Structure formats: structure tokens, C-alpha cells
Amino acid sequence: MKTLNEYLPGQKVILGRPALFDEVALRLAELGLCEGATVTITRRGPLGDPLEVEVKTTRICLRAEKARQYPADLSPAGVRP
Amino acid sequence: MTSAPTVVLLGNPNAGKTTLFNALTGLRAKVGNYPGITMDVRAGDIVAGDQRVQVIDLPGTYSLAPHSDDEAVAVRVVLGRLAPHLVPHHIVLVLDATHLERHLYLAAQLERLQIPYTVALTMTDTLDAEGGRLDVAGLAQVLGRPVYRASGNNPDEVQAFRQRLLDDVRDEPLPAVDVTPLWYRALVEVAGAGDAVGSDRPGPDVDAAAVAKDAVDGLARRATEIADQVLTMPDERPRSERRTDAIDRVMLHPVAGPMVFVVLFGLLFQALFTWAAPLMDGIDLVVGGLGELLVGYIPDDMPLSKSLFLDGVVSGVGNVLVFVPQIAILFLALSLLEDSGLLARVAFLLDRVMSRVGLHGRAFVPFLSGFACAVPAIMATRAISSHKDRLTTIMVTPLISCSARLPVYTLIIATVFATAEPVLGINVGTWILFGAYGLSVGAALAIAFVFKRTLLKSPVPSLVLELPVYRRPRLGQAAKTAAEKSFAFLRDAGTIIFAITLVLWALFTFPRDDAAQAQLQADVAALDKTAEDAEEREQALRSAHAAHALDHSVAGRLGHALEPVLSPLGFDWKIGVGVIASFAAREVFVSTMGLVYGLGDGTDEESVSLKHAIQNDTYPNGEKVYTPLTGLSLIVFFVLAMQCMSTLAATRRETRSYRWPVFQFAYMTALAYVASLITFQVGRLLGFG
């Protein structure tokens, strides 16, 4: 399965269960990045890191290294125009 | 202070808490000092008739399981565990109606911990304008708690809410919160906040991560459930979000973004470096002028009192006040940047670079400000939420070459490298200046790297960052922040700076040589007042006496005593005296050298006679005191040494301890000594100097 880090800006995905539920994962979950949440990848920082995603009109940054711990499926809702 | 019931404002960062706090408390707010915590907690009063309520603006937090030190303060206050006199009587949960679902996560936590609270809804006007519909009464019903509209920028809502607070607040503090439920202990454990919250750790047979994950999922579901019942949003993307999308396309663009920030921070830097200067000169002028005016009331036959008043008291006041323009400008700008949402974008853009050193993107602002002055820069570390990262930043910020070092560099370059041949077609002075700044930045980053891995060992801060919606910043709020910070500096650091100024004055004044003083009076009296050069001759007598008095003073003797320690660096006793004097402020080195060389008061780095005196100074054996190598060694010393009492006072204020400023002084002085020693000795071995 692909990870959150492998999708492109503009793609909408559904998050799976993170490989490691640590402090960072807890904070991400508290901000809305829970298992099953629909997340849009918005953009990447300069040189590809960090990653900006949007969940329910909240923009959140996380590092690519963390995004790799989240399995993610392309959402049926597809790509945001 | 402790008798009034306490209302605390709890909420996510960017929930509109501070705006509401300012609206509720007006101009009566102040930055409070609480033992055991190193951040500012703002407190203000609501007064109506003989009723008084204390309102506390807690640091923003996303969760009751705190992840950082400032969140821990908020949580400990809510749980009644920070300090006995800071137990809340009433908790106000501030919820942003335009991000209701996410903000309701805190409500779900309060609910599950059975903590009573009142909701203050902000941004309902924006929600209405964007076509969202919120059933306020329904929300109150679902939550089973009172809910009021209370946007800080709506005076009617604020007025009504203030009245509700006064009516609802009760005299007894809230009962102690039960922090024993396993789900909560698991959340706290995973967040790494066990010590801060003081709850028992889940047992070894419990999979804390699994329990915590289930708890968050459950709390988030509860938040969604509540939001779905009371809130309907239009299908189209809200206008504020679309505007934010558009601005971010530029601000976070990989090329355009950094360029915009370079311009923005260039302006801020210019403001600190250049635009603050006239204000600082103005303060000097006014304080100095008032001093001159008032010293006239002290009789002429009391020269010691005059000196104490002018060089001790007046210059002490000046030394303190002179920092206010830079502090005010920096915090005005930071407040505007933070409020608008721009500061979070800086962290996004700079994360790659700053995380290499092991610091958060937010450490960039103190570093940049450090080029102007370490005092406001150290105060600006407040934005760094991890205590150890903040300490690391505070410890290394004074290594960044501040503007007060520039006159010293200039004087040394102009005297010992004036005749040097250009290297690669570029002036040697330019190379040296470039090297000094390079050394300072390199040292700051390297020491930060070392501290982060040893003394202040902590993980590279995780970048989990909310990029808030852009909002129009409020100038009034920014001005208020600037004023509060300036006042807090005067109150907390001012006394120390003033006291050290007096100590330095005494070091440079006592013991006095009464015979020489009498001789000076006699010589001046004997001058032919009608002669054309009478004034010059009197000046020369006075300058010579000042040099003698300095030599005679404790500071002068200290300089002589230090000579054996300093000579391996290439310094003579006069430089030792200059180094002691520069503790008041580094640029004082220049005027002290003027005094030492008998050129009188007020010499600056452009002074031709000072340059000549330095160039021509020799040791008794005829060797020049100032060789290019001595100059280089002296510059290295000034780059690295901690010679600024005001910076130490700022460190003392921000760390609320004497240990850290003492450590800062010790490590920087040791670093400077060793680096200068290596420079001078290796240089000599290589045949320079």
C-alpha cells in the first residue's frame, strides 16, 4: 500500500492506521489526522519537505519522514479541482 | 490579588482567545510572574462596582494532554495543579465557530474529564458571512453547557459576555479534577507530559499507544457528532479559505515564498538596525540632557556626587531605556506577523534548514534579531515552545554579532589593518569584517548543535504545525503587546542593568587619588584664563587626570592584574580595562580606550587621535602593542565573549534563574579566551605579528 508521502499535491486520500502511534502521531490525530480521515495533499515545502495537508479546512504541516508512516488510499472523491 | 475569583480562557491557538481577553480586560492587563514557569501569563481584571474578577489568558493548547511547555502551563492551570493561588473558579472554552469541529476536540476532553466550563464562541460573524449556519442554542443543549457568542471584535457581544461572567462566577474554586482515568493517563503518557501533569503512568501491562489512539479516535468522533448536529456549512469553499489558498500560492511557493520572506525580514531587520537608531539616540539625548540639567543642582565642590549622578544614575537609566525602541519594534512586528498567520509560514519554509541544527523553524527570528541586539532577540525566544530548545536558542543568540560590536570592529580594523595590502582586490578590513560575522554565525550554530546533543539533549522538534487562515492583523493589539513587553523588560531586567551600571561606576571611580585631584584643581586654577589656548590646555589637564584616575581605580588595577592572563592573547592591561568596561555595553570599549590614552571623554571609533594613540603605543621594550595579530585576536575575542550585562539580565528574566546567565557568561568567556589564545599563539608560530 502507498503511504501518505507518495501522493501528489492535489490528491485526496483516506488515511490508514499509522505504523507508530507516538507523540507526533497523537498530535496529528488531535488536529484531525485520524485513521479514516479524508486528507488532501496541498503542497510540499522547498526541496520537497515538509508536507502540507488539509483536513476539514485545517492546514497541517508534517515532515515527509512522518508521512511515510501513514498508509493511505486514494479517496473515491478523487482529485480536488 | 488572590481574593478575586479567577476565570481562565482556554482554547486552541488562533481561537481568538487573546482578542477576547483584550476586549474583556481593556487596558488593565499585565504580564504576570508565576514561580516555576518561564513564560509570560497575561492576567487582567474585570471590575464592576465592588465585584472584581481576575481573567487569565492561558497559552493556546490543542489538547489537555500537553505536548510542549506552554501547553503544559495551560493544562496545569485548568487542572488546578500549577500553583495554589492559581486555581480556576471558572473555565471559559474559546471556540472558533469557523473551525468548530476541530476546536470541539477540547470540549470533548473537558466533557470526558467532567470539568465544568462555559463556551465563548468567536468568529460567528465570519461564519455567518460565509453562509454557515450554527445553532447556538442547540450547541448548548448537546454540550449541556452554557454557550455565548463572544467575538472579541464585537463590543456588544463582549459587553454581554462580561456581564455573564460576573453573574456566573462563583466564589469557590472548581473541585479538583480526577486525572486517574486510564484513557487520560495514556494520552498524557504518549504526549510525554507525565511530569508536567502529575498523573500516574499507565502500568507496564497497558499498551498506552493503543489506549491513547482509541481515546483520540473516540474524542474526535464525539467532536464530529456534536458539530454535525448543530452546524451546516455551504458546499462551496469558504471565502477566508479561498483567500488563504491564494496568498499561500505565493507565500509558500518554493521560489517566490522565500523571496517574499527575505523582503519582509529585510524590512524588520532594517527597522531594528537602522530605524531604531534615531529613537535610541533620542533617548540618549533626552536622558543625557536631563542629567546635565539636574547635575547643575549639585554644588561644584561635590565632584563625587556629580560623578555618581551623571556616570552612575543617569547612565544607568540610559542603559536601561535605550533597549526599549528595539524591543518595541521587534514585538510590534512579531505580533503582526503572528497575528496575520505569516509566522507559521516561516517555520514551514525554514524547517529544512533549522532542523539540521536541531532547532525549530521559529528559532530563526531570535537569530535574525540577534544581529541587531541580543536583548530583544532573547525575549523573542518566547515563541519556541520546547523549553530545552528555547534555552539552547537563548544560550547561543549572544554569539550572533550584534550592532554594538561594530564600533569595536571598526576601530580595530581602521587602526591596525589600515595600511594592509588588499587581498584578491578586496580591502583586508572587509575580509575581516566578513570573517567576524561568519565566525559568529558559525559559532552560534555549532554551539547550538553541541548543546542540543549534550547539556540540553532533546529530540529534534517535530514539525507539526497548523497553518492558520490569514487574518488582518490588528495594530492595536500589536501595539499593546509591544508596550507590555517593553514594560516587562524595564521591570524585570531594568533593576539588574541599573545596579550593574552603579557597580561599574564604582569600579572605575574608587579608590580616588585625592592628591592628584587636588593637583588638578591647582593646575587648572593656575592656568592663564586669558590665553588663547586656555580651554584646550584645561581639557588636556583634565584628560590626563582622567587617565591617571582610571589607572588608579579598581578597574585599572584589575586590568594590570589581568595582564598576565591576557598577554598570551596579545592584550595589554589597557585592553583588559577596556574589556572590563565593555561589560556595560560593548561599544563602551571605544570610549574607554579614549580615556585610557588620555584623550578624555566621548571618544568615538572615528577619532583620529585615538587611532594614532593606538597605532603608536608600545611596550617598554619598544615592541608595538597593536600588531595586526593582536587586532585579529581582539576581534575574535569580541565576537565570542559575553561582555554585555543587559544580555545577561535578559537571559535572567527569560529563564527565571541566575544559573543560566552565569553559565552563559562562563562558557562564552571561556570560548572567547581559548579562541583568542589559539589565534594569537598559532599566528605567532606562523610568524605573524
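Note that the coordinates shown come from a computational prediction; the quantities given were computed from them, not determined experimentally.

Caption draft 1: Highlighting the overall build of chain A. The number of helices and strands found in chain A is two helices and five strands. Its helices and strands in sequence order give chain A the pattern β-α-β-β-β-α-β, from N to C terminus. Each principal axis of the C-alpha distribution contributes one length, and for chain A these read about 35 × 30 × 25 Å. Split into buried and exposed, the 81 residues of chain A put 59% on the buried side. Summarising the internal contacts of chain A: among those between residues at least 6 apart in sequence, 64% fall at separations of at least 24. Carbon and sulfur atoms make up 57% of the accessible area of chain A, which totals about 3300 Å². Across chain A, the 12 positively charged side chains and the 10 negatively charged ones have centroids separated by 5 Å.

Caption draft 2: Geometry of the nonpolar core. Among the nonpolar cores identified, the biggest contains 106 residues, and Val396(B), Leu399(B), Phe489(B) and Tyr626(B) are the most heavily contacted of them. Apart from residues lying up to four places away in sequence, Tyr626(B) is in contact with Val416(B), Ile575(B), Met593(B), Tyr597(B), Ile614(B) and Leu634(B). Judged by nonpolar contacts, the second largest core, of 88 residues, contains Ala37(A), Ala97(B), Leu143(B) and Val230(B).

Caption draft 3: Highlighting the interface of chain B and chain A. Contact with chain B, which involves 43 residues of that partner, is made by 33 residues of chain A. In this assembly, chain B packs against chain A so that about 3300 Å² is buried in total across both faces, 58% of it on carbon and sulfur atoms. At the junction of chain B with chain A, the criterion picks out seven salt bridges. The tally of links from chain B across to chain A stands at 17 residue pairs in polar contact (both at pLDDT 80 or more). Only α3 (100–112), α7 (182–191), α9 (208–230), α10 (239–251), α14 (342–357) and β10 (465–467) of chain B provide two or more residues apiece to the side of chain B that touches chain A.

Caption draft 4: Local environment of the pairing of strand β1 (residues 11–15) of chain A. Residues and elements named next belong to chain A. A one-sided burial pattern is seen for β1, the buried positions being Gln11, Val13 and Leu15 and the unburied ones Lys12 and Ile14. Direction of pairing for β1 relative to strand β2 (residues 38–44): antiparallel, over a ladder of three bridges. Each bridged residue has a counterpart across the sheet, and for lysine 12 the counterpart in β2 is threonine 40.

Caption draft 5: Local environment of the state of the cysteines. A complete count under the given rule lists zero disulfides over all chains for this structure. Cysteine Cys373(B) remains unbridged, with the sulfur of Cys402(B) as its closest cysteine sulfur at 6.3 Å.

Caption draft 6: Structural view of unusual backbone geometry. Omega for the peptide link from Asp49(A) to Pro50(A) comes to -5°, which places this bond in the cis form. By secondary structure assignment, the location of Pro50(A) is in the loop between β2 and β3 (51–55). Residue Pro511(B) follows Phe510(B) across a cis peptide bond; omega there is -10°. Here Pro511(B) shows up in the loop between α21 (494–509) and α22 (514–526). The phi torsion at Asn14(B) lies on the positive side, around 65°, for a residue other than glycine. Despite not being glycine, Gln114(B) shows a phi value in the positive range, around 55°. Mapped onto the elements of the fold, Gln114(B) is located in the loop between α3 and β6 (118–122).

Caption draft 7: Geometry of the pattern of salt bridges. One pass over the structure, following the stated rule, counts 37 salt bridges over all chains. Where Asp245(B) meets Arg59(A), a salt bridge forms, and the shortest distance between an N and an O atom there is 2.9 Å. On the criterion of chain membership, the pair formed by Asp245(B) in helix α10 and Arg59(A) in strand β4 (residues 58–62) is interchain, its members lying in two chains. Grouping residues by exposure puts Asp245(B) and Arg59(A) together as buried.

Caption draft 8: Helix α1 (residues 23–30) of chain A, seen in detail. Residue and element names in this part refer to chain A. Where burial is concerned, most of α1 is hidden: seven out of the eight residues are buried. What α1 keeps buried is the set Val24, Ala25, Leu26, Arg27, Leu28, Ala29 and Glu30. One or two positions beyond α1, positive phi appears at glycine 32, with a value near 115°.

Caption draft 9: Quick look at helix α20 (residues 475–492) of chain B. Given a rise of 1.5 Å per residue, 18 residues ought to cover 26 Å, and the 25 Å separating the end C-alpha atoms of α20(B) matches this to within 8%. Those residues of α20(B) not exposed but buried are Gln477(B), Ala478(B), Lys480(B), Ala482(B), Glu484(B), Lys485(B), Ser486(B), Ala488(B), Phe489(B) and Asp492(B).

Caption draft 10: Fine view of the side chain of Ser676(B). All names here are of chain B. Assignment of secondary structure puts serine 676 in helix α30 (residues 659–685). At a separation of 2.9 Å, a polar atom in the side chain of serine 676 contacts the main-chain carbonyl oxygen of serine 633. The residues touching serine 676, leaving out its near neighbours within four places in the chain, are Leu569, Phe571, Ser633, Val636 and Phe637.

Caption draft 11: Region of interest: the pairing of strand β5 (residues 90–96) of chain B. All names here are of chain B. Here β5 lies mainly inside the structure; seven of its seven residues are buried. The side-chain alternation of β5 yields two buried faces, one formed by His90, Val92, Val94 and Asp96 and the other by Ile91, Leu93 and Leu95. In this structure, strand β1 (residues 6–11) lies alongside β5, joined through five bridges in parallel fashion. By the bridge assignment for β5, leucine 10 is matched with leucine 93. By the bridge criterion, five bridges tie β5 to β6 in an arrangement that is parallel. Note on β6: the bridge partner recorded for valine 94 is alanine 120. Regarding topology, α3 serves as the crossover connection from β5 to the parallel β6, and that connection is right-handed.

Caption draft 12: Just the packing of α3(B) against α9(B), in detail. All names here are of chain B. The N-to-C vectors of α3 and α9 enclose an angle of 120°; their axes lie 8 Å apart at closest approach. With respect to α9, the element α3 is oriented oblique. Pair α3 / α9 crosses with right-handed handedness. On α9, the residues touching Leu100, Glu101, Leu104, Tyr105, Ala108, Gln109, Glu111 and Arg112 of α3 are Ala215, Val216, Leu219, Ala220, Arg222, Ala223, Thr224, Ile226, Ala227 and Val230.

Caption draft 13: Broad picture of the packing of helix α1 (residues 17–25) of chain B against helix α6 (residues 155–168) of chain B. All names here are of chain B. Where α1 meets α6, the closest approach of the two axes is 10 Å, and the angle between their N-to-C directions is 75°. By the angle class used here, α1 and α6 are roughly perpendicular. Between α1, through Leu20, Ala23 and Leu24, and α6, the contact on the second element is made entirely by Val158, Phe161, Arg162 and Leu165. Partitioned by chemical class, the residues of the contact of α1 with α6 number six nonpolar, no polar and one charged.

Caption draft 14: Structural detail: the environment of Asn621(B). All names here are of chain B. Locating asparagine 621 in the fold gives a position in the loop between α27 (608–616) and α28 (628–640). Sequence separation between asparagine 621 and proline 568 is 53 residues; the distance between their C-alpha atoms is 17 Å. One polar contact links the side chain of asparagine 621 to the main-chain amide nitrogen of glutamate 623, over a distance of 3.0 Å.

Caption draft 15: Just the packing of aromatic side chains, in detail. Residues and elements named next belong to chain B. A full pass over the atoms with the stated rule returns 17 aromatic pairs over all chains. Measuring from ring centre to ring centre gives 5.8 Å for tryptophan 660 and phenylalanine 663, while their planes differ by 90°; the resulting arrangement is edge-to-face. On the criterion of helical spacing, the pair formed by tryptophan 660 and phenylalanine 663 is a turn pair, its members being three residues apart in helix α30. For phenylalanine 663, a relative accessible area of 27% corresponds to the partly exposed category. Members of the aromatic cluster, joined through ring pairs, are Phe269, Phe273, Phe371, Tyr409 and Tyr437.

Caption draft 16: Molecular detail of a negative patch on the surface. Residue and element names in this part refer to chain B. The grouping of Asp528, Glu532, Asp533, Glu535 and Glu536 at the surface amounts to a negative patch. By the element assignment, glutamate 536 lies in helix α23 (residues 534–552). Residue class for glutamate 536 comes out exposed when judged on its relative accessible area of 61%.

Cut-off values and rules
Residues numbered from 1 in each chain as written. Chains lettered and ligands numbered in written order. Predicted model: local features only at pLDDT ≥ 70, side-chain atom pairs only at ≥ 80, totals over all residues. Heavy atoms only, no water. Helix = DSSP H or I, 4+ residues; strand = E, 2+ residues; numbered from the N terminus. Buried < 20%, exposed > 50% of the residue type's maximum accessible area, 1.4 Å probe, protein only. Contact = heavy atoms within 4.5 Å. Areas by Shrake-Rupley, 256 points an atom, 1.4 Å probe, with all protein chains shown as cover. Lys, Arg positive; Asp, Glu negative; His and termini not counted. Charge placed at Lys NZ, Arg CZ, Asp CG, Glu CD. Core = buried A, V, L, I, M, F, W, Y, C linked by side-chain atoms within 4.5 Å. Buried area = accessible area lost by both parts, 1.4 Å probe. Salt bridge = Lys/Arg side-chain N within 4 Å of Asp/Glu carboxyl O. Polar contact = N/O pair within 3.5 Å; in protein donor to acceptor, adjacent residues only side chain to side chain. Pairing = 2+ DSSP bridges. Disulfide = S-S within 2.5 Å. Expected span 1.5 Å × (residues − 1). Right-handed = clockwise from strand over helix to strand, strands pointing away. Axes fitted to C-alpha atoms, helices over the stretch in contact; angles between N-to-C directions. Parallel < 35°, antiparallel > 145°, perpendicular 65-115°, else oblique. Left-handed = near helix turned anticlockwise from the far one by under 90°. Nonpolar A, V, L, I, M, F, W, Y, C, P; charged D, E, K, R; others polar. Phe/Tyr/Trp six-rings, centres within 6.5 Å; stacked < 30°, edge-to-face > 60°. Patch = residues over 30% accessible without salt bridge, like charges linked within 9 Å, V, L, I, M, F, W, Y side chains within 5 Å.

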